[in-house]
Amino acid sequence: MWTCPRCGRTFKKQEQSHYCGKPPETVDAYIMAYPEDIQPYLKEIREALRAALPEAEERIAWSMPAYWNKHTIIQFAGFKKHAGLYPGPDAVWEFSGRLKEYKTSKGTIQFPYSRPVPVELIFDIARWCWETGKHP
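Read on for a plain summary of the structure. As the structure is a prediction and not an experimental result, all values here were calculated from the model.

## Side note on the packing of aromatic side chains
Next, step 1: One pass over the full model with this rule turns up six aromatic pairs.
Next, step 2: Ring geometry for tyrosine 30 against phenylalanine 76: centres 6.4 Å apart, planes inclined by 80°, an arrangement best described as edge-to-face. Taken together, the residues span a long stretch of sequence, with tyrosine 30 in helix H1 (residues 27-32) and phenylalanine 76 in strand S5 (residues 72-78) at a distance of 46 residues.
Next, step 3: Taking the relative accessible area as the measure of exposure, tyrosine 30 reaches 2% and is therefore buried.
Next, step 4: Look at phenylalanine 76 and you get buried, because its relative accessible area is 0%.

Following this line, the structure appears as structure tokens:
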């Protein structure tokens, strides 16, 4: 168990990524809370999602950026060594052939900061979620 020295919350993982105190109110605030070297990566993911989902409202849900239209379509989040994309298990299965080089789990894809943002893949996954109505 690890306890954050700033907020006192306890986590199973050592140095678990989290928000101390009040969650961000905007996606801009969310991204700005990350180190400067991670911010461009998160901004690229954001732009890919905005391009894919111009009809969706961008908001914060569960303390992370979400794209919404009557329900959550897709979300993303930053972590210490990777960014997570949350399109849901159906999307992970549908795109499994294109996701072989990334770590995945039920409904989640991890994009390591050490590799370029797969903008086209993120765009395609987001559009698929929108068009099929299959969401997290």
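Next comes the rest of the description.
## Concerning the nonpolar core
Next, step 1: Residues Leu49, Ile74, Leu85 and Ile125 are the most contacted members of the largest nonpolar core, which totals 37 residues.
Next, step 2: For this core, the secondary-structure elements that each account for two or more residues are H1, helix H2 (39-52), strand S4 (64-68), S5, strand S6 (82-86), helix H3 (89-94), strand S8 (108-112) and helix H4 (119-132).
Next, step 3: Setting aside residues no more than four positions away along its own chain, leucine 49 makes contact with Tyr67, Ile74, Phe76, Leu85, Ile122 and Ala126.

## A word on the sheet that holds S6
Next, step 1: Read from one edge of the open sheet, six strands run S3-S4-S5-S6-S8-S7, paired in antiparallel fashion. What marks the edges here is a single partner per strand, and that holds for strand S3 (57-61) and strand S7 (103-105). Within the sheet, the average angular offset between the axes of one strand and its neighbour, ignoring direction, is 25°.
Next, step 2: Inspection of the sheet shows S7 paired to S8 by three bridges, in the antiparallel sense. Residue serine 105 lies in a different strand from S8, and its bridge partner there is threonine 108.
Next, step 3: Its contacts with the sheet put H2 on S3, S4, S5, S6 and S8, and the angle it makes with S5 is roughly 170°.

## Focus on the pattern of salt bridges
Here the idea is simple: oppositely charged side chains can pair when their charged atoms come close.
Next, step 1: Tallying each qualifying case throughout the model produces nine salt bridges.
Next, step 2: For arginine 46, the salt bridge is made with aspartate 28, and the minimal N-O distance between the two is 2.5 Å. One end of the pair, arginine 46, is in helix H2; the other, aspartate 28, is in helix H1, with 18 residues separating them in the sequence.
Next, step 3: Here arginine 46 falls in the buried class, since its relative accessible area comes to 7%.
Next, step 4: Between glutamate 57 and arginine 59 there is a salt bridge, and its shortest N-O distance comes to 3.3 Å.
Next, step 5: Through salt bridges with shared partners, one network takes in Asp28, Arg46, Glu47, Arg50 and Glu58.

Definitions and cut-offs
All chains use their own residue numbering, which begins from 1 and follows the written sequence. Two thresholds apply to this predicted model, a pLDDT of at least 70 for residue-level local features and 80 or more for giving and counting side-chain atom pairs, whereas whole-chain, interface and lining totals are computed over all residues. Heavy atoms from the whole structure form the basis of all side-chain values; hydrogens and water molecules are not counted. A pair of aromatic rings is counted whenever rings of Phe, Tyr or Trp (Trp by its six-membered ring) have centres within 6.5 Å, and the orientation is called stacked for planes under 30 degrees apart, edge-to-face for over 60 and tilted otherwise. Secondary structure elements are defined from DSSP: runs of H or I of at least 4 residues count as helices, runs of E of at least 2 residues count as strands, and each element is numbered from the N terminus. Residue burial is assigned from relative accessible area. The probe radius is 1.4 Å, only protein chains are included, and a residue is buried under 20% of its type maximum, exposed over 50%, and partly exposed in between. To define a nonpolar core, start from buried Ala, Val, Leu, Ile, Met, Phe, Trp, Tyr and Cys residues and group those joined through side-chain atoms within 4.5 Å. Working rule for contacts: check all heavy atoms of both residues, and any pair within 4.5 Å makes them a contact. In this description, strands pair whenever DSSP reports at least two bridges between them. Lines fitted to C-alpha atoms define the axes here, with helix axes fitted over just the stretch in contact, and angles between the N-to-C directions of these axes take values from 0 to 180 degrees. We define a salt bridge as a contact between a side-chain nitrogen of Lys or Arg and a carboxyl oxygen of Asp or Glu at a distance within 4 Å.

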